2 protein chains.
Amino acid sequence: MPAPRKPRKTASDTPLPPGKSATINDIARLAGVSKKTVSRIINRSPLVREETRERVEKLMRDVGYVPDPLARGLAFRRSFLIGMVYDNPTAQFIVNMQYGALDALRDSGFELVVHPCDSRSPGYIDGVRRFVQQQKLHGVMLVPRVSEDQALADMLDGIGCRYTRIAALALDDHSRMVITHDRDGAAEAADYLQTLGHRDMAVITGPSSYRSAIERTGGFVDALARRGIELPKSRILEAGYTFESGVAAAEKLLAGKRRPTAIFCANDEMAAGVYRVALRMGIDIPRQLSVIGYDDSPLASRLWPPLSSVRRNTRDTGRVAAAMLIQADDDVRGRPIASVRPHLIVRDSCQPPET
Amino acid sequence: MPAPRKPRKTASDTPLPPGKSATINDIARLAGVSKKTVSRIINRSPLVREETRERVEKLMRDVGYVPDPLARGLAFRRSFLIGMVYDNPTAQFIVNMQYGALDALRDSGFELVVHPCDSRSPGYIDGVRRFVQQQKLHGVMLVPRVSEDQALADMLDGIGCRYTRIAALALDDHSRMVITHDRDGAAEAADYLQTLGHRDMAVITGPSSYRSAIERTGGFVDALARRGIELPKSRILEAGYTFESGVAAAEKLLAGKRRPTAIFCANDEMAAGVYRVALRMGIDIPRQLSVIGYDDSPLASRLWPPLSSVRRNTRDTGRVAAAMLIQADDDVRGRPIASVRPHLIVRDSCQPPET
DNA sequence: CTGAAAGCGCTTACAG
DNA sequence: CTGAAAGCGCTTACAG
């Protein structure tokens, strides 16, 4: 039996080039397979013998090999980037959505690139198109309110860009939707106020061009109706989702001779506006007026008394929306529609009405 | 004279492939130059005849040609992505910083990819390294507080990644710093309170491991000293930049037998904590207590009375930091250090002390 | 199950 | 000032 060969430098055991990281060629050479086989392993093709796969995967781990997303992107004609497109929600909402998306993208090789835009400017859809096409994005998350824009979705469909839409209700194929059920969140607020004994309530809602505003108001009104309370039109005020518009709406509502005993606001910013007006008019919250917001933003617990508010679970929403984009198509079809449920966080801004 | 030839399909006027976008080869063919010349024009090389450049640039505009960042990135061994690395500042701060960065990146071909992290977790520097190396980032913006971590900057230096650090004072080469002069912002608050007539003041500051906390407190104390007022150590309380820690610090400060007449808080969250305690203790702001915050967050104007606060101009800061990363190196050297100045926004939370 | 060739759309290094 | 060749690190299409 010949003595075992002393290891010598051959083509197949040349150490990795120092400094620069390993490439698919290094892995193929070191493993003694073709680069195509390595490529199959990277892309989880089943057409690789189990033994080969394990051996090569171990090697990749050992040398810390990670395929270059630039090279893969060039060959695939599609990058490993997920875009997040949004208009102008509150900062905390955006940031939570980003955190959620990154939860899903962590260790996937995908990264998140952000694209705020102004949906009122005429060229905004074109701006998104350039963003998507130039970067050859793998997919985009559409956050409310741009998620509600059918023209934007149609454009993306037209250029073959996959997307997920986050919205209060289904606006598209199940495979492209994450539903936030704003109707249910508002209904929970209505049930809570009704249970406390309120009968004369009011709603300060967002712009009627926003589905979220329609759904939240509708959910509140319908839930009251189910419990036998009709909310007159005069008790529903449309505002602009801003603090200032909340102030203006609250002034109208609280100046009338018969004040409502409770106000449901379609977001926390407007609820803060109600607080401001109540303070100015000497109306005590919650003794003389109950208030509920929507968002459960940090502001809710900074206000005094701490504001009861509907939590949206934004981070979960972002995670689900991003996860759908990087899943294989087969996994997406036929599964139930993605949804995230809101729920009311009770703090100290409500109590039974004065008798 | 022969009749003019009817245009026929030749190699050089074959229309662009329908559907897919033009490549450097299409431009070279259509312009009748080599792809290398087109490449020179893309990269603004001076080694191109003026007439050629103009002709090719017009063609590129006409067909809507944009070079593929994936292909350029592969050849350059560096992507056209800017990373933004941050720990856990307030949502509005992050979002403003992102808006600012995108202001600088608009129409530059670069995009912004976000990377929140936890600087207390042991592997976080490694996480940033993987992020930078795998995506072959063109550069990263380091936002406070990670911008203050020298180990992180050293790692980036070690792997040859360009970066800009946003911090209260110079921690690095001028070419890598954007200074926010927190010291000056705090000094302005001090001058304002002194001018109103306050003599017995206090500071609620952030963690002493944060340069921002040190600078803001130092700036406030030094400015008072310049005006002949010594702030005793007992009037400086270290808190955690959070609402809750602000509440705790305010309780200590306002429970004592001799209350300060004014409190400077190193951020708005802690100032909101002071408001909460003052409300609970029946101390009227601003009549019995003046308060100043730092950040000029949306919260400042939601509080009652509206909080005077030092505005940081975060969006400008982000714009400058990102612009430095995509500038040519020559433009960076020798120019004055980048800086953004804070200034006090006066609202209704301060007045002269009661006599 | 595996591989050799060609190609993705650019740039670098070299030559003229 | 301009260009032909080779290469960046992968994948696709084809063949076996």
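In this text the structure is predicted, and so the values were computed from the model without any measurement.

1. A closer look at the overall build of chain A
And then number 1: The helix and strand inventory of chain A stands at 14 helices and 12 strands.
And then number 2: Relative to the 2.2 N^0.38 estimate, which gives 20 Å for 355 residues, the radius of gyration of chain A is 27 Å and therefore markedly larger than a compact globule would have.
And then number 3: Projecting the C-alpha coordinates of chain A onto the three principal axes gives extents of approximately 105 × 45 × 40 Å.
And then number 4: When contacts within chain A are restricted to residue pairs at least 6 apart in sequence, those whose partners lie at least 24 apart make up 70%.
And then number 5: Averaging the positions of the 51 positive and the 42 negative side-chain charges in chain A gives two centres separated by 6 Å.

2. Brief notes about the nonpolar core
And then number 1: Grouped together as the largest cluster of nonpolar side chains are 60 residues, with contacts concentrated most on A:Ile204, A:Ile263, A:Val291, B:Ile204, B:Ile263 and B:Val291.
And then number 2: Among residues more than four places away in sequence, those in contact with B:Ile204 are B:Leu237, B:Ala239, B:Gly246, B:Ala249, B:Ala250, B:Leu253, B:Ile263, B:Phe264, B:Cys265, B:Ala266, B:Met270 and B:Val274.
And then number 3: Grouped together as the second largest cluster of nonpolar side chains are 55 residues, A:Met84, A:Ala101, A:Ala104 and A:Ile166 included.

3. With respect to the UniProt feature "domain: HTH lacI-type" (unreviewed entry) in chain A
And then number 1: The sites that carry the UniProt feature "domain: HTH lacI-type" (unreviewed entry) are, in the present numbering, residues 22-76 of chain A.
And then number 2: Taken end to end, residues 22-76 of chain A has its terminal C-alpha atoms 20 Å apart, with 69% of it in helix and 0% in strand.

4. Side note on the protein's contact with DNA strand D
And then number 1: Around DNA strand D, the surrounding shell holds 29 residues, and the nearest of these are A:Ile24, A:Lys35, A:Lys36, A:Ser39 and A:Asn43.
And then number 2: Taken together, the sugar and phosphate atoms account for 68% of what DNA strand D places within 4 Å of the protein.
And then number 3: A distance of 2.6 Å is found between a phosphate oxygen of DNA strand D and a backbone nitrogen or oxygen belonging to A:Ile24.
And then number 4: Elements supplying a minimum of two residues to the surface near DNA strand D: helix H2 (35-42) and helix H4 (69-76) of chain A together with helix H2 (35-42) and helix H4 (69-76) of chain B.
And then number 5: Residue composition of the surface near DNA strand D, by class: 14 nonpolar, 6 polar and 9 charged.

5. Description of the sheet that holds strand E7 (residues 236-238) of chain B
Residues and elements named next belong to chain B.
And then number 1: Read across the open sheet, the 6 strands follow the order E7-E6-E8-E9-E10-E12; overall the sheet is mixed. The two strands at the open ends of the sheet, each matched to only one other strand, are E7 and strand E12 (343-345). Across the sheet, the mean angle separating the axes of adjacent strands is 20° when strand polarity is ignored.
And then number 2: As defined by bridge partners, strand E8 (residues 262-265) adjoins strand E9 (residues 290-295) across 3 bridges and the pair is classed as parallel. Following the sheet pairing, Phe 264 is matched in E9 by Ile 292.
And then number 3: With respect to the sheet, helix H8 (residues 182-196) is in contact with strand E6 (201-205), E8, E9, strand E10 (308-311) and E12, its orientation differing from that of E9 by roughly 165°.
And then number 4: Across the sheet, helix H9 (residues 211-226) is in contact with E6, E7, E8 and E9; its angle to E6 comes to roughly 170°.

6. Regarding unusual backbone geometry
And then number 1: B:Pro286 follows B:Ile285 through a cis peptide bond whose omega is 5°.
And then number 2: Along the chain, B:Pro286 falls in the loop between helix H11 (268-281) and E9.
And then number 3: Across the junction of B:Trp304 and B:Pro305, the peptide omega takes the value -5°, indicating a cis bond.
And then number 4: On the secondary structure map, B:Pro305 appears in the loop between helix H12 (298-302) and E10.
And then number 5: Residues other than glycine seldom take positive phi values, yet A:Asp296 does so here, at roughly 50°.

7. Things to note about the interface of chain A and chain B
And then number 1: Facing the 41 residues of chain A at the interface are 41 residues of chain B.
And then number 2: Counting the surface lost from both chain A and chain B, the interface buries some 3,600 Å², and carbon and sulfur atoms represent 61% of this.
And then number 3: Three residues stand out in chain A for area buried against chain B, namely A:Leu70, A:Arg276 and A:Arg302, and they jointly supply 19% of the buried area on that side.
And then number 4: Viewed at the interface, chain B and chain A are joined by 4 salt bridges.
And then number 5: With a shortest N-O distance of 2.9 Å, A:Lys136 and B:Asp68 are connected by a salt bridge.
And then number 6: The interface formed by chain A and chain B contains 13 residue pairs in polar contact (both at pLDDT 80 or more).
And then number 7: At the level of secondary structure, the elements contributing two or more residues to the side of chain A that touches chain B comprise H4, strand E1 (81-86), helix H5 (91-105), strand E2 (111-116), helix H6 (124-134), helix H11 (268-281) and helix H12 (298-302) of chain A.
And then number 8: It is H5(A) that provides the largest number of residues to the side of chain A that touches chain B, a total of 7 residues.
And then number 9: Here the residues of the side of chain A that touches chain B are counted per class, giving 24 nonpolar, 9 polar and 8 charged.

8. Things to note about the domain arrangement of chain A
Residues and elements named next belong to chain A.
And then number 1: Parsing chain A into structural domains produces domain 1 (1-67), domain 2 (75-181 + 315-339) and domain 3 (182-311).
And then number 2: Measuring from the centre of the C-alpha atoms in domain 2 to the corresponding centre in domain 3 gives 30 Å.
And then number 3: In this complex, domain 2 contributes 9 residues to the contact, which on the side of domain 3 involves 12 residues.
And then number 4: Between domain 2 and domain 3, roughly 890 Å² of surface is buried when both sides are summed, and carbon and sulfur atoms account for 55% of that area.
And then number 5: Contact with domain 3 buries surface across domain 2, with Arg 145, Glu 148 and His 181 losing the most and accounting together for 48% of the total.
And then number 6: Where domain 2 touches domain 3, the interface holds 0 salt bridges.
And then number 7: Remark: the boundary between domain 2 and domain 3 carries 6 residue pairs in polar contact (both at pLDDT 80 or more).

9. Some details on empty space enclosed by the protein
And then number 1: Taken as a whole and judged by the stated rule, the model has 4 cavities of 30 Å³ or more.
And then number 2: The computed volume of the largest cavity comes to approximately 110 Å³.
And then number 3: A:Pro69, A:Leu70, A:Ser79, A:Phe80, A:Leu81, A:Gln135, B:Pro69, B:Leu70, B:Ser79, B:Phe80, B:Leu81 and B:Gln135 are the residues that line the largest cavity.
And then number 4: Of all the secondary-structure elements, those providing two or more residues to the lining of the largest cavity are H4 of chain A together with H4 of chain B.
And then number 5: Partitioning the lining of the largest cavity into residue classes produces 8 nonpolar, 4 polar and no charged.
And then number 6: Of the volumes computed, that of the second largest cavity is approximately 60 Å³.
And then number 7: Listed by contribution, the elements that provide at least two residues to the lining of the second largest cavity are helix H5 (91-105) and helix H13 (314-326) of chain B.
And then number 8: Both of domain 2 (77-181 + 315-339) and domain 3 (182-312) of chain B provide at least three residues apiece to the lining of the second largest cavity.

10. Quick notes on the environment of B:His115
Residues and elements named next belong to chain B.
And then number 1: Among the structural elements, His 115 can be located in strand E2 (residues 111-116).
And then number 2: Sequence separation of His 115 and Thr 217 is 102 residues, and the distance between their C-alpha atoms is 29 Å.
And then number 3: Non-local contacts of His 115, meaning those with residues more than four positions away in its chain, are made with Met 84, Val 85, Tyr 86, Gly 127, Val 128 and Phe 131.

Parameters and conventions
- Residues numbered from 1 in each chain as written.
- Chains lettered and ligands numbered in written order.
- Predicted model: local features only at pLDDT ≥ 70, side-chain atom pairs only at ≥ 80, totals over all residues.
- Heavy atoms only, no water.
- Helix = DSSP H or I, 4+ residues; strand = E, 2+ residues; numbered from the N terminus.
- Rg over C-alpha atoms; globule rule 2.2 N^0.38 Å.
- Contact = heavy atoms within 4.5 Å.
- Lys, Arg positive; Asp, Glu negative; His and termini not counted.
- Charge placed at Lys NZ, Arg CZ, Asp CG, Glu CD.
- Core = buried A, V, L, I, M, F, W, Y, C linked by side-chain atoms within 4.5 Å.
- Buried < 20%, exposed > 50% of the residue type's maximum accessible area, 1.4 Å probe, protein only.
- UniProt positions renumbered as here; feature names shortened; annotations may be inferred.
- Near = heavy atom within 4 Å.
- Polar contact = N/O pair within 3.5 Å; in protein donor to acceptor, adjacent residues only side chain to side chain.
- Nonpolar A, V, L, I, M, F, W, Y, C, P; charged D, E, K, R; others polar.
- Pairing = 2+ DSSP bridges.
- Axes fitted to C-alpha atoms, helices over the stretch in contact; angles between N-to-C directions.
- Buried area = accessible area lost by both parts, 1.4 Å probe.
- Salt bridge = Lys/Arg side-chain N within 4 Å of Asp/Glu carboxyl O.
- Domains from an automatic or database assignment.
- 1 Å grid on protein atoms, 1.4 Å probe; cavity = no way out; pocket = protein on both sides within 12 Å on 5 of 7 lines; lining within 4 Å.
- Points joined across faces, edges and corners; volume = space filled by probe spheres on them.

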